[in-house]
Amino acid sequence: MNEYREIEICVECSAKALLNVSELFYFAQKAVLHPTRPLYDSREHAMKLKCTEALVRIFRLCDMDGDGILSDAELNEFQRKCFNTPLQQRELEGVKEIVKASRPDGVVDGGLNVEGFLYLHLLFIQRGRVETTWMVLRRFGYGDDLSLREDYLNPDFDVPPDCCVELSPGGYAFFTEIFKRYDADGDSAFCPDELDNIFGLSPGIPWKRGKFPESTVTNAAGYVTLEGWLAQWSMTTLLDYKMTLAYLAYFGFPGDIRDGIRLVGRYGGSGSGGSSNSALRRRKKGKLQRNVFLCYFV
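What counts and how
Residues numbered from 1 in each chain as written. Predicted model: local features only at pLDDT ≥ 70, side-chain atom pairs only at ≥ 80, totals over all residues. Heavy atoms only, no water. Salt bridge = Lys/Arg side-chain N within 4 Å of Asp/Glu carboxyl O. Buried < 20%, exposed > 50% of the residue type's maximum accessible area, 1.4 Å probe, protein only. Helix = DSSP H or I, 4+ residues; strand = E, 2+ residues; numbered from the N terminus. Expected span 1.5 Å × (residues − 1). Polar contact = N/O pair within 3.5 Å; in protein donor to acceptor, adjacent residues only side chain to side chain. Core = buried A, V, L, I, M, F, W, Y, C linked by side-chain atoms within 4.5 Å. Contact = heavy atoms within 4.5 Å. pLDDT = per-residue confidence, 0-100. Pairing = 2+ DSSP bridges. Axes fitted to C-alpha atoms, helices over the stretch in contact; angles between N-to-C directions. Parallel < 35°, antiparallel > 145°, perpendicular 65-115°, else oblique. Nonpolar A, V, L, I, M, F, W, Y, C, P; charged D, E, K, R; others polar.

Naming follows an unreviewed UniProt entry, where the chain appears as ERMES complex Ca(2+)-binding regulatory GTPase gem1 of Coemansia furcata.

J.: Run through the pattern of salt bridges, naming residues and quoting values.
T.: Tallied over the full model, the rule gives eleven salt bridges. Salt-bridge contacts for R103 lead to D105; the nearest nitrogen and oxygen are separated by 3.0 Å. Given a relative accessible area of 27%, R103 falls into the partly exposed group. Three or more residues are tied together by salt bridges with common partners; here these are D72, E93 and K96.

J.: Explain helix α5 (residues 114–126) to me, using residue names and the numbers behind them.
T.: Under the 1.5 Å per step criterion, the end-to-end length of α5 is 18 Å for 13 residues, consistent within 8% with the ideal 18 Å. With ten of 13 residues buried, α5 is to be regarded as a mostly interior element. The opening residue of α5, the one whose side-chain oxygen lies 3.2 Å from the backbone nitrogen of E115, is N113. Phi turns positive, to about 80 degrees, at G128, one or two residues after α5.

J.: Can you explain unusual backbone geometry? Please cite residues and give values.
T.: The omega torsion across F212 and P213 is 10 degrees, close enough to zero to call that bond cis. Examined against the element boundaries, P213 turns out to sit in the loop between α9 (192–199) and β7 (224–225). Even without being glycine, S188 reaches a positive phi, approximately 60 degrees. Within the secondary structure, S188 is located in the loop between α8 (169–182) and β6 (189–190). We classify S188 as partly exposed; its relative accessible area is 47%.

J.: Explain the nonpolar core to me, and be specific about the residues and the numbers.
T.: Grouped together as the largest cluster of nonpolar side chains are 68 residues, with contacts concentrated most on I58, F199, W229 and F251. Considering each element in turn, this core owes the most residues, eight residues, to α5. Beyond its immediate sequence surroundings of up to four residues, F199 is in contact with G204, I205, P206, W207, W229, W233, Y247 and F251.

J.: I'd like to hear about the confidence of the model for the chain, residue by residue, with values.
T.: Taken residue by residue, the chain gives an average pLDDT of 87. The fraction at 70 or more is 92%. Residue range residues 268–286 is modelled with pLDDT below 50. Its contacts to residues more than four positions away, or to other chains, number 50 contacts.

J.: I'd like a description of the pairing of strand β8 (residues 261–265), backed by residues and values.
T.: Buried residues dominate β8, accounting for five of its five residues. Burial along β8 is two-sided: I261, L263 and G265 and R262 and V264, pointing in opposite directions, are all buried. Where strand β5 (residues 163–167) and β8 come together, five bridges link them in antiparallel fashion. What sits directly across from C164, in β8, is V264.

J.: If you had to explain the packing of helix α3 (residues 72–83) against helix α6 (residues 130–139) to someone new, which residues and values would you point to?
T.: Between α3 and α6, the shortest axis-to-axis distance is 9 Å and the interhelical angle comes to 90 degrees. Here α3 lies roughly perpendicular to α6, going by the angle between them. Along the contact surface, α3 presents F78, K81, C82 and F83, while α6 presents T132, M135, V136 and R139. Here the residues of the contact of α3 with α6 sort into five nonpolar, one polar and two charged.

Next comes the structure, spelled out in structure tokens:
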């Protein structure tokens, strides 16, 4: 193991003497389900870049108030989301004390900053608890290659021929909340830096070919307003709902991302709303229930 750093563990065992047989199967299973190599460089004793980038993104999603610190409430919500159990106050303090002992700069104003969050996961990996970090990564949609899984970004959503797709009320509420969270200066508009910040959670701005932001509602300074932000996502959902689903996932939509969109009748009349994984609500016949329309001017 000293010579070949890629070897994760070495176990002496004997089927004849029944020595460490169960341990052998345990570590073999662990090596497949929770491999160390994608996360950690044993020669450099450091986390690999893709692992660090994924954990930084998870930190940002969990930092609900955008202050760069995970408070006790945010840490508990993170714990509940990943492990289905909250931490007691003494356990929270214990976690912060562990980080503070080796990384004093990792705890700020009583909470973990991103350096402290990364150091905590480095400790998990170095102490052989790599499954903890993998549980976090997989809960936030990451696959074995540390990229977001296709089924996470693009889940099944069946659209009948007589229907189209719009944002649901939950989807509008989520994009509104995201806008307010990342509007750092509180001027009710996204400046270029704020746009770069929010789209840093994703592969980038998806509308650059459409002359965004000039193509939507902006203020006098040319910054995207909340009205323009919601209008852009309304249009995107009608034209390419799969893109909206992906960005709901990138931005951390709580629960099933399919709840962020809904089916509606293409021409009015009898239609349905809600996500594909829930009971569809039938609308009254003859009622026009669409909120977004695609119009052609000749």
